[in-house]
Amino acid sequence: MIKEIYPLPEGTHTVVLGVGDVNGYMRGKRIPATQWERTCKDGNAIIAAMFALDMTSDVWDTPYCSFDNGYVDMHMFPLSAPVACPFEPGVAITLAYAEGMDHQPVPIDPRGALLKQVERAAALGYQVQVGTELEFYLLDPETGLPTIQGNQVYGINRMAELEHVLGPIREDLTAMGIPIEQSNPEYAAGQVEVNIRYDEAVLAADRIILFRAMVKQVAAKHGYLATFMAKPFIAESGSGFHTHYSLWKDGKNAFAHDGKINQTGLAFVAGLQNRMVEMSLAGSTTPNAYKRRQPYTFCPVNNSWGYDNRTVGLRVIEGGDSAVRVEKRDASADVNPYYLLACDIAAGLEGIENGSEPGPVTKGDAYADNPADMLPLTLDEAVAQAKNSTFMSEVYGQDRLDIAVKQSEREIEFVRQQVTAVETERYLRNL
């Protein structure tokens, strides 16, 4: 297949090219502009274990990459024309797709799992639209603590206080083709939320990969550490990744009828409900992430659903026909968007294909006595669910699922082996 040679912005001397790894964080290379045409034609070689590295860059043998096969290469090719980095003159950036040495898709590339579900939706006549909301903390890079005090969620004065960093984040990312709709202070000192306008599912996920990388860089330029860690502080709000889903057919929202959710939309809700417990690993992959999942924290603890209700796991939002959608609220900000969206879309489509109906609607407090199924409250539970799930194996692909499960099992064991400062403070002198 002839590869497209994408133009570079005027004045570019360096191109950043990368893929989303197993955790959905961008890894790749910096390429001189003089090598760009060759890169477009022939690709840029990089170790395929990029898709089997944990967050600390540790690697382990997998069927695709191992000491037995010498840890093989793959090639990165640009997905689109690079865009200029407003905060780094002369540097442009774009995401890549990966090909193996056989010129076929790399079977452990997480992006492939989402592509499969989008193709499945297309075969049913649907285009999947996804809006994303990510929360994160802006912290002092030396202490790892907030530089401001007090919870001022949505506070106008707090917005102004953070504008020197959030303003550039909104403006720079919008200039790079990531359409930022808004930002606001969130439910803890130093915590913020930034919303990206909805778009086609794969593009929405690609934008998350770039978004997190660029937020970290812009924040660093202004003297902050930006972290998408799920629960940096036990007594403060965790950081979530809320996803808003709608299916479109013939230019119309297939979930909507006169501004209300219809049977197709409710079947999508039912599909999510039916699979939400067993696919928990797609939305929370570390022991730390499950510390978010506590009652009365605005993080759901069950698979309940309701209309405009922020205590449930699945929140139905109505309005004009174009606004009708389903918000899924359980995922943490640090997860892989390809796996998260792939599982959610697969579950929703399954609900539509089966003509499923959701359980009883929750009209009040979903944290109170509720007949809905409890979500896993520990990573151990989530891993056990994923390992026994045919659904997860089919959506991820078994090799991808094995890598994701193995990483989480390694995290469980690592955390289990630690003696924490809390334990030392509580027991050392008292026992």
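Residues numbered from 1 in each chain as written. Predicted model: local features only at pLDDT ≥ 70, side-chain atom pairs only at ≥ 80, totals over all residues. Heavy atoms only, no water.

K.L.:
Could you clarify how one ought to interpret empty space enclosed by the protein in this entry?
P.N.:
In total, this model carries 2 cavities of 30 Å³ or more according to the counting rule given. The volume enclosed by the largest cavity comes to roughly 80 Å³. If you trace the largest cavity, you find it lined by Val-22, Asn-23, Leu-281, Ala-282, Thr-285, Val-335, Asn-336, Tyr-339, Tyr-396, Ala-404 and Gln-407. By residue class, the composition of the lining of the largest cavity is 7 nonpolar, 4 polar and no charged. Its volume calculated, the second largest cavity comes out at about 50 Å³. Lining the second largest cavity are Val-19, Gly-20, Phe-51, Leu-95, Ala-96, Tyr-97, Asp-109, Arg-111 and Tyr-338. Counting only elements with at least two residues in the lining of the second largest cavity, the list comes to strand S1 (14–20) and strand S6 (91–100). At 3 residues, S6 tops the list of elements feeding residues into the lining of the second largest cavity. For the lining of the second largest cavity, the class distribution of residues is 6 nonpolar, 1 polar and 2 charged. (1 Å grid on protein atoms, 1.4 Å probe; cavity = no way out; pocket = protein on both sides within 12 Å on 5 of 7 lines; lining within 4 Å. Points joined across faces, edges and corners; volume = space filled by probe spheres on them. Nonpolar A, V, L, I, M, F, W, Y, C, P; charged D, E, K, R; others polar. Helix = DSSP H or I, 4+ residues; strand = E, 2+ residues; numbered from the N terminus.)

K.L.:
Would you mind going over the packing of helix H2 (residues 110–123) against helix H4 (residues 201–221) with me for this structure?
P.N.:
Any two packed helices are characterised by the angle at which their axes cross and by the distance between the axes. The interhelical angle for the contact between H2 and H4, taken along N-to-C directions, is 160 degrees, at an axis separation of 9 Å. One way to sum up the angle between H2 and H4 is to call them roughly antiparallel. Like other packed secondary-structure pairs, H2 and H4 cross with a definite hand, here right-handed. Contacts between H2 and H4 involve Arg-111, Leu-114, Leu-115 and Val-118 from the first element and Ala-201, Val-202, Ala-205 and Asp-206 from the second. Split by residue class, the contact of H2 with H4 holds 6 nonpolar, no polar and 2 charged. (Axes fitted to C-alpha atoms, helices over the stretch in contact; angles between N-to-C directions. Parallel < 35°, antiparallel > 145°, perpendicular 65-115°, else oblique. Left-handed = near helix turned anticlockwise from the far one by under 90°. Contact = heavy atoms within 4.5 Å.)

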